[in-house]
Amino acid sequence: MPTFFERRQLVTPGDLIAEGEYIAGENAYDEDNKIYASRIGLIEYEDKKVNVVALRAFYIPKVGDKVIGTVVEVGFNGWTVNINAPYQAMLRASNVLSRPFKPQQDDLSQVLDVGDLVVAKIVAYDRAHDPQLTVGEPELGKITRGQIARITPTKIPRVIGRKGSMISTIQQETGCHIILGLNGVVLITGKNLEDEHLAMMAIRKIDEESHTSGLTDRVTQMLKEEKTKREEIKK
Amino acid sequence: MSQKTEKLIDKKGLRLDGRKLNELRPIKIEVGALSNADGSAYIEQGKNKILAAVYGPKEVHPKHLALQDRMVLRCRYHMAPFSVQERKSPAPSRREVELSKVIRESLEPSIFLEYYPRTVVDIFVEVLQADGGTRCASITAASVALADAGIPMRDLVVACAAGKVDETIALDLMDTEDKIGKADVPVAFMPNLNAITLLQMDGILTTEEFENAVNLALEGCKKIYLMQKEALKTKYVNVKEAEE
């Protein structure tokens, strides 16, 4: 039962990765006990499981995911939200208002209007139904300030880093608060515009260089260099 | 048809452009040529110049076209008015409508359509310059564009034609060989799964000649397949090496 690629090697769709007692994991499929790749990505082995960490992919909703979306339509009893996925998400009015929803009295566009950004969580989704959102948890709800960065959804784990090392480094260095939407939308809120720009730069760098190693160190270094550079300009 | 007496293959067995019988035209594939598309590819095969763009998966509009159990694949093959010697009307011709269908059907088996029900993927193929064998080059480019868009696929689809020029079977016919030659056999193929997804024939061949033509086309496909993979890999390896 051989494998044909080493860890972190690049594969394209259709590449034969392994044969025999292996299990097809993410972005891989099994045919006649042979494991093939189904996307461009890097190989990762996890015991008997073969994963392809995709370099190109789009976001597919999953129950429990925290996402950041844009309101695209105000309906009769809720909002339609674009969450950067092939499916549009629904947010119910009764979920947003902390009191019972009365269609005659409440003007929904006063609460959330087209173009507003919301941090929300997916509560229900399957093949036959569009995703349902909720904002009834701490940290969720309408976004009132900060900066938005859009990156490839598959690279969010890289922004988090091993045990959150990457994200905590960026937050420490820049003093910004960062919310990661698993759909590839990142919200950065800091004390001033400059800090936010710094955090934005770090996240853009991760998006561009996610497939290289030693990224956390390079990001830390870049942030430090940028900071000293900016202080010199101020003087 | 005054050219009918003209020889397409000289005494040394070389063709009009100096190729051997089993030789492909020079091919160049570029991935991600268009930044506005979700996935794209540009191919040059001899004098052919073709752009392929992929958008999606996204919600289907109009909604009644959506399928509850799988993704819908839509394809538009179009030739630019300046792609041929005499200006072609930009309106879709009968031939383009057929080629759109043929390209779509040759790509469909490679995609996991059942993964994302109620969605659509749009493929746009734009021929900028044509010199015979555009359907094959279009399939090759569209498949690379699909992979670039991150759509899960069983394998890349690669296509190549073979045909009968004068009295012999030759690989990858160009425009004059296609027009004056006796027959043309385009083949689309998934090399890792060893599956043919498109097989057409235009002209007259004996059974034996047909078999030779298919085998020759498959050989050509395998060569182009390596170039497809190379093109996809260079896009990411370049970044990787620049860092290290």
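Right above here is the structure, for reference.
Fair warning: this is a prediction, and the values are worked out from it, not measured in the lab. (Residues numbered from 1 in each chain as written. Chains lettered and ligands numbered in written order. Predicted model: local features only at pLDDT ≥ 70, side-chain atom pairs only at ≥ 80, totals over all residues. Heavy atoms only, no water.)

> Would you mind going over the overall build of chain A in detail, with residue names and values included?
Scanning chain A for helices and strands turns up six helices and 16 strands. Viewed in the frame of its principal axes, chain A has a C-alpha envelope of about 65 × 60 × 25 Å. For chain A, with 235 residues in total, the buried portion stands at 49%. In chain A, the share of contacts with a sequence separation of at least 24, taken over all contacts with a separation of at least 6, comes to 57%. Working note: accessible area of chain A is about 12000 Å², and carbon and sulfur atoms make up 48% of it. (Helix = DSSP H or I, 4+ residues; strand = E, 2+ residues; numbered from the N terminus. Buried < 20%, exposed > 50% of the residue type's maximum accessible area, 1.4 Å probe, protein only. Contact = heavy atoms within 4.5 Å. Areas by Shrake-Rupley, 256 points an atom, 1.4 Å probe, with all protein chains shown as cover.)

> Got a sec to walk through the overall build of chain B? Specific residues and values, please.
Counting its regular elements, chain B contains four helices and 10 strands. Counted from the first residue to the last, chain B has its helices and strands arranged as β-β-β-β-α-β-α-β-β-α-β-β-β-α. Considered along the principal axes of its C-alpha atoms, chain B spans approximately 55 × 50 × 35 Å. Taking as baseline every contact in chain B between residues at least 6 positions apart, the subset at least 24 positions apart corresponds to 66%. Split by element, the accessible area of chain B, about 11600 Å² in all, is 52% carbon and sulfur. With 34 positive and 36 negative side-chain charges, chain B shows a spacing of 2 Å between the two charge centroids. (Lys, Arg positive; Asp, Glu negative; His and termini not counted. Charge placed at Lys NZ, Arg CZ, Asp CG, Glu CD.)

> Can you explain the interface of chain B and chain A? Please cite residues and give values.
Facing the 35 residues of chain B at the interface are 32 residues of chain A. Carbon and sulfur atoms make up 54% of the surface buried where chain B meets chain A, a total of about 2900 Å² over both sides. The interface formed by chain B and chain A holds three salt bridges in total. Linking D130 of chain A and R118 of chain B is a salt bridge whose minimum nitrogen-to-oxygen distance equals 2.7 Å. The tally of links from chain B across to chain A stands at 15 residue pairs in polar contact (both at pLDDT 80 or more). Elements with a contribution of two residues or more to the side of chain B that touches chain A: β3 (48–59), α2 (134–148) and α4 (207–243) of chain B. Ranked by residue count, the leading element in the side of chain B that touches chain A is α4 of chain B, at 10 residues. Looking at the side of chain B that touches chain A residue by residue, the class counts come to 17 nonpolar, four polar and 14 charged. (Buried area = accessible area lost by both parts, 1.4 Å probe. Salt bridge = Lys/Arg side-chain N within 4 Å of Asp/Glu carboxyl O. Polar contact = N/O pair within 3.5 Å; in protein donor to acceptor, adjacent residues only side chain to side chain. Nonpolar A, V, L, I, M, F, W, Y, C, P; charged D, E, K, R; others polar.)

> Go over the nonpolar core with me, naming the residues and quoting the values.
Ranked by size, the top nonpolar core spans 71 residues in total, and within it V54, L107, I111, I123, I139, L146 and I151 of chain B carry the most contacts. Looking at this core, the element that brings in the most residues is α4 of chain B, giving 11 residues. With residues up to four places along the chain from it excluded, the contact list for I111 of chain B reads M71, L73, L146, I151, P152, M153 and R154 of chain B. Counting 26 residues, the second largest nonpolar core, distinct from the first, contains V67, W79, L112 and L133 of chain A. (Core = buried A, V, L, I, M, F, W, Y, C linked by side-chain atoms within 4.5 Å.)

> Pulling in residues and values, what's your account of unusual backbone geometry?
Here the residue pair G56 of chain B and P57 of chain B is connected by a cis peptide bond, since its omega of 0° sits within 30 degrees of zero. Relative to the helices and strands, P57 of chain B is located in strand β3. In this model, H61 of chain B is joined to P62 of chain B through a cis peptide bond whose omega is -5°. In this model, N27 of chain A sits at a positive phi of 50°, which is unusual for a non-glycine residue. Mapped onto the fold, N27 of chain A is located in the loop between β3 (23–24) and β4 (28–31). The backbone of D172 of chain B sits at a positive phi, close to 55°, despite the residue not being glycine. Looking at where D172 of chain B falls in the secondary structure, it is placed in the loop between β7 (168–171) and α3 (175–180).

> So what's going on with the layout of surface pockets? Which residues, and what values?
The computed volume of the largest pocket comes to approximately 1500 Å³. Lining the largest pocket are 45 residues, with E26, V53, A54, T154 and P157 of chain A sitting closest to its centre. For the lining of the largest pocket, the elements supplying multiple residues, two or more each, are β6 (41–46), β7 (49–54), α3 (156–160), α4 (165–174) and α6 (215–234) of chain A. Taken together, the residues of the lining of the largest pocket sort by class into 22 nonpolar, 12 polar and 11 charged. Considered as a void within the structure, the second largest pocket measures approximately 1000 Å³ in volume. Taken together, 33 residues form the lining of the second largest pocket, with R56, A57, T152 and P153 of chain A together with D38 of chain B sitting closest to its centre. When residues of the lining of the second largest pocket are assigned to their parent elements, the largest contribution, four residues, is made by β3 of chain B. (1 Å grid on protein atoms, 1.4 Å probe; cavity = no way out; pocket = protein on both sides within 12 Å on 5 of 7 lines; lining within 4 Å. Points joined across faces, edges and corners; volume = space filled by probe spheres on them.)

> Pulling in residues and values, what's your account of the packing of helix α5 (residues 193–208) of chain A against α6 of chain A?
Residue and element names in this part refer to chain A. α6 packs onto α5 with a crossing angle of 150° between their chain directions and a minimal axis gap of 10 Å. The angle between α5 and α6 falls in the class roughly antiparallel. When you trace α5 past α6, the crossing you get is right-handed. Along its contact with α5, which presents E194, H197, L198, M201, A202, K205 and I206, the element α6 presents L215, R218, V219, M222, L223, E226, K227, R230 and K234. Counted by class, the contact of α5 with α6 contains eight nonpolar, one polar and seven charged residues. (Axes fitted to C-alpha atoms, helices over the stretch in contact; angles between N-to-C directions. Parallel < 35°, antiparallel > 145°, perpendicular 65-115°, else oblique. Left-handed = near helix turned anticlockwise from the far one by under 90°.)

> Tell me about α2 of chain B, residues and numbers included.
Taking 1.5 Å per residue, 15 residues should reach 21 Å; α2 of chain B reaches 21 Å between its end C-alpha atoms and fits that length. Among the 15 residues that make up α2 of chain B, 14 are buried, leaving the element largely enclosed by the rest of the structure. (Expected span 1.5 Å × (residues − 1).)

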